[in-house]
Amino acid sequence: ISFLPVLKQQPQTAQHRFLYWERHNTNNRLHEQAVRFGDWKAIRTVKADKEKVELFNLREDPSEARDVSAKNASTMKKAHEYFQTRRRAAILEWNFESVTSQN
């Protein structure tokens, strides 16, 4: 993906299937993953001994006020597949399977 077409006011030809990011705060035992694909954004939060995954339709709810995960099982499945594509981190506490297995 390149910004050059935008600067030249041309259409973007290359597209990512999804955009993934994560953040960790080991002091607060807070770990988050997020993935954006199409109109959807899923956020997985693991804090201390609790885990939740929220799903938002950004076209209909750009402020991320309504979690629609319960009504969109196939989209949630896709989000979980994207979460699983991450690489293992060198810091053990940053690996989500390590965090959730401690709970």
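First, a word on what this report is: a plain description of the structure on this page. (Residues numbered from 1 in each chain as written. Predicted model: local features only at pLDDT ≥ 70, side-chain atom pairs only at ≥ 80, totals over all residues. Heavy atoms only, no water.)

**Some details on the pairing of strand 3 (residues 40–47)**
Rules: Think of it in three bands: with a 1.4 Å probe and only protein chains considered, a residue is buried below 20% of the maximum accessible area for its type, exposed above 50%, and partly exposed in between. Think of it this way: any DSSP run of H or I at least four residues long counts as a helix, any run of E at least two long counts as a strand, and we number them from the N terminus. Strands are labelled as partners when DSSP assigns at least two bridges between them.
Of all eight residues in strand 3, seven are buried, a share of seventy percent or more. With eight bridges connecting them, strand 2 (residues 30–37) and strand 3 associate as antiparallel partners. The residue of strand 3 that forms the bridge with Ala-34 is Ile-43. The loop that links strand 2 with its antiparallel partner strand 3 comprises two residues; one of these, Gly-38, has a positive phi angle of about 55°. In this structure, strand 3 lies alongside strand 4 (residues 50–57), joined through eight bridges in antiparallel fashion. From the neighbouring strand, Lys-41 faces strand 4, where its bridge partner is Phe-56. Counted between consecutive antiparallel strands, the loop separating strand 3 from strand 4 contains two residues, among which Ala-48 sits at a positive phi close to 55°.

**Brief notes about the pattern of salt bridges**
As a reminder of what qualifies: In what follows, salt bridge is the name for a side-chain nitrogen of Lys or Arg lying within 4 Å of a carboxyl oxygen of Asp or Glu.
Applying the stated criterion across every chain, the model contains six salt bridges. A salt bridge links Glu-32 to Arg-23; the shortest N-O distance between them is 2.5 Å. Accessibility expressed as a relative area gives 19% for Glu-32, which makes it buried. Put simply, Arg-44 and Glu-51 hold a salt bridge, and the shortest N to O gap is 2.7 Å.

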